[in-house]
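Spelled out from the first residue to the last, the chains are:
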Amino acid sequence: EESRWSPRDRQGRPTRKPVASRPDVLIRLDQQGLLPAITFIFSRVGCASAVQQCVRSGLRLNTVEEAERVGLLVEERTGFLPREDLRVLGYWEWLEGLQRGFAAHHAGMLPTFKEVVEELFLTGLVKAVFATETLALGINMPARSVVVEKLTKWHGQAHVEVDAGGYTQRT
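Since we're looking at a predicted model, the values are computed, not measured.

Visitor: Can you lay out the sheet that holds strand 3 (residues 128–131) for me, pointing to particular residues and giving the numbers?
Guide: Across the sheet, which stays open at both edges, the four strands sit in the order 2-3-1-4 with parallel pairing between neighbours. Only two strands of the sheet have a single neighbouring strand rather than two, namely strand 2 (102–105) and strand 4 (145–148). Taking the axes of each pair of neighbouring strands and ignoring which way they run, one obtains an average angle of 20 degrees across the sheet. As paired strands, strand 1 (residues 37–40) and strand 3 are joined by four bridges and run parallel to one another.

Visitor: Please set out the pairing of strand 4 residue by residue, giving values where relevant.
Guide: Strand residues, when the strand is regular, have side chains that alternate between the two faces of the sheet. The two faces of strand 4 differ: Ser145 and Val147 on one face are buried, but Val146 and Val148 on the other face are not. Pairing of strand 1 with strand 4 involves four bridges; the strand directions are parallel. Bridge pairing in strand 4 places isoleucine 38 opposite valine 146.

Visitor: So what's going on with the pattern of salt bridges? Residues and values would help.
Guide: Across all of its chains, the model carries five salt bridges by this definition. Lysine 127 is the salt-bridge partner of glutamate 66, the closest N and O atoms lying 3.3 Å from each other. Residue glutamate 66 is located in helix 3 (residues 64–78), and its partner lysine 127 is located in the loop between helix 5 (111–122) and strand 3; the two are separated by 61 residues in the primary sequence. With respect to burial, glutamate 66 and lysine 127 carry one shared label: buried.

Visitor: Provide a residue-level description of the nonpolar core, including the pertinent values.
Guide: Residues Val74, Trp94, Leu98 and Leu120 are the most contacted members of the largest nonpolar core, which totals 23 residues. When residues of this core are traced back to their parent elements, those giving at least two are strand 1, helix 3, helix 4 (91–100), helix 5 and strand 3. It is helix 5 that provides the largest number of residues to this core, a total of five residues. Leave out the neighbours within four places in its chain, and leucine 98 touches Asn62, Val70, Val74, Ala103, Val116, Val117, Leu120, Leu125 and Val126. If you look at the next biggest cluster of nonpolar residues, it comprises 17 residues, including Leu35, Ala37, Ala50 and Ala104.

Visitor: Give me the lowdown on unusual backbone geometry, citing residues and values where you can.
Guide: Most peptide bonds take the trans configuration, and most residues that are not glycine carry a negative phi. Omega for the peptide link from leucine 35 to proline 36 comes to 10 degrees, which places this bond in the cis form. Here proline 36 is to be found in the loop between helix 1 (22–31) and strand 1.

What counts and what doesn't
Residues numbered from 1 in each chain as written. Predicted model: local features only at pLDDT ≥ 70, side-chain atom pairs only at ≥ 80, totals over all residues. Heavy atoms only, no water. Pairing = 2+ DSSP bridges. Helix = DSSP H or I, 4+ residues; strand = E, 2+ residues; numbered from the N terminus. Axes fitted to C-alpha atoms, helices over the stretch in contact; angles between N-to-C directions. Buried < 20%, exposed > 50% of the residue type's maximum accessible area, 1.4 Å probe, protein only. Salt bridge = Lys/Arg side-chain N within 4 Å of Asp/Glu carboxyl O. Core = buried A, V, L, I, M, F, W, Y, C linked by side-chain atoms within 4.5 Å. Contact = heavy atoms within 4.5 Å.

Okay, here's the thing in structure tokens:
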């Protein structure tokens, strides 16, 4: 039941508090020395959208030198991929996020791309990962901070609350 003291608009409807944007959250975590961070988003599309939002905002978590190191490592790990396939794979968008210090990580990604994200995260060259819950299953990516965007997720037939075990597994 809504409290009669909760903020309301002119028509008397409850209002929502503004939510910080993903880039703003990462900036605040960075300012407080709380990176690297993993943000759990419960969809692959949401993870990709988060990276795009950060790129569009101009966010850069890496220095120029770190971005160059990322570029060299990515080229080393993906040099076997046919050049004509890179556009279809979303390589250039993926690389731009990596060089800026953030990336998506989900089951729909090319295994090589996921492995590169994991390696760069472990070496401190990726400071923020937007991931689905599959990341929390058996992958060692120690983070200083964990952000859970929602406490509900689509469970195939309905939206359900994240239970205590699922929350603990992610954090």
